[in-house]
Amino acid sequence: VEDTRQLEQLTRARDVMAQQAADEVQMIGESSAIEALRSTLQRVADTDLSLLILGENGTGKELIAQALHDNSLRKGRPLVPLNCAALSPQLVESELFGHEKGAFTGANFQKKGRFEFSDRGTLFLDEVGDIPMETQVKLLRVLEEGEITRVGSNKPIKVDVRLISATNREIETLIEDGKFREDLYFRLSVVELWAPPLRERASDIPMLALSFLREFAEENAKPVSDFTAEALEAIIRYAWPGNVRELRTAVEHAVVLGRGDMIELAGLPQSVQSRGVIHHEKQLTQPLVDKGVTLEEAE
C-alpha cells in the first residue's frame, strides 16, 4: 500500500512538473503557499516596483528574484546580485556605487559598482538588513534621485535600476533598535513577498526532490531516475530545518554517491535516515503516531 502511495506521489510530481515547465513563472510546486507566491509574482514581475522578499534561510529568495527578473521587461539586461552580509562595512559602498582611483588605500584603479553594472536591468540585494546605517542613507538617495556617486568622486551618474531586496531578519525589530532606517524600508518594500519555508509546502517535496534528482543526474552523468518508496517516504517525513537548500543538498549527496538507477534509503544523508520527525529543530524521543499508521492518516 505504501509503495503504491509513493508511486502515485511521484507520478503526480512528474505530471505537475511537465505542466509547469511551460509556466512563465517557473516556481516548482502546487501547494497553496507556492500558488499564492506565483500569483503575486505574475502581477508584479513586469513592473518597476521595488520589492522586498522575506523568508528564512534556504527558502529560495534568490530564485524568486531570478523569476521576477526573467518575467520582467528588463529580462534582456543583467540581474546583478550582491550579498550584503558577505562584505565588511568598508566594502559595501564600493561594491554598490564603485570608486575612483586613489579614493582610499588600495584603490589602485577606477571601479564600477553594482548599480552601474545593473543599469537598465535589476539589482538584487540579498541580506539587505545587514547594510550599515551610513550606507543606508546613500542607498535611499539613489532610490529617490536615480543617480549614484562613486566613492572618491563628486560627479553624479544617472542609473535606471529595478531594485529587489531580500532578508531573513525582522526589519521592524531592526528599525526599533535604530539599526535600519524606516524611510528606506518603505522605499524597498513597495511590495513584500514571503518565501514560504518547506514545512508550509510539504506537498511540494516530491516535486522538488524529483527536480533536483534530474538536475544532478544530468550534471554528473548518472543513470539514476527515481526514488524507492522507502527513500521517498523518508524524504517526505523529514522536517527539513534547512529548508529547500537542505533538500537540494541531500538529493545531490544521494545522486553523486548512489549506484544504479534508483535512490535508496541508505543513499540518503544519515540525518535524513535517522533523525525521524523533527519539531522545532529538536529530535523527538517518541514517535508521533503508532506503528502501522499510513502516511495519509498521519498527515
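Provided above is the structure to which this section pertains.
Now for a quick tour of the structure. Residue positions are counted from 1 within each chain, in the order its sequence is given. pLDDT decides what is reported in this predicted model: residues at 70 or higher carry local features, side-chain atom pairs at 80 or more are listed and counted, and totals for whole chains, interfaces and linings draw on all residues regardless. Only heavy atoms go into the side-chain values, all of them from the structure, while hydrogens and water stay out.

**A closer look at the sheet that holds strand β2 (residues 79–83)**
Across a sheet, paired strands are connected by hydrogen bonds in the backbone, their directions being either parallel or antiparallel. In this description, strands pair whenever DSSP reports at least two bridges between them. Counting from the N terminus, the helices are DSSP H or I runs at least four residues long and the strands are E runs at least two residues long. Spatially, β2-β5-β8-β1-β9 is the arrangement adopted by the five strands of the open sheet, whose pairing is parallel. On the outer flanks of this sheet lie β2 and β9 (191–194), each paired with one strand and no other. Across this sheet, the average inter-strand angle for adjacent strands is 20°, counted without regard to direction. For β2 and strand β5 (residues 122–126), the ladder comprises five bridges, and the chain directions are parallel. From the neighbouring strand, Leu-79 faces β5, where its bridge partner is Thr-122. To obtain an axis, a line is fitted to C-alpha atoms, over the contacting stretch when the element is a helix, and the angle between two such axes runs from 0 to 180 degrees between their N-to-C directions.

**Examining the pattern of salt bridges**
Whenever a carboxyl oxygen of Asp or Glu lies within 4 Å of a side-chain nitrogen of Lys or Arg, that contact is scored as a salt bridge. The tally for this structure, following the rule as stated, stands at 15 salt bridges. For Glu-116, the salt bridge goes to Arg-150, with nearest N and O atoms at 2.9 Å. Placement of Glu-116 in helix α5 (residues 114–117) and of Arg-150 in the loop between β6 (147–149) and β7 (156–158) is noted, with a sequence separation of 34 residues between them. The two residues Glu-116 and Arg-150 agree in class, both being buried. Asp-183 is paired through a salt bridge with Arg-181; the nearest N and O atoms lie 2.7 Å apart. Look at the salt bridges and you will find they share partners, linking Asp-48, Arg-74 and Asp-160 into a network. Between buried and exposed lies partly exposed: a residue is buried under 20% and exposed over 50% of the maximum accessible area for its type, with that area taken using a 1.4 Å probe on protein chains only.

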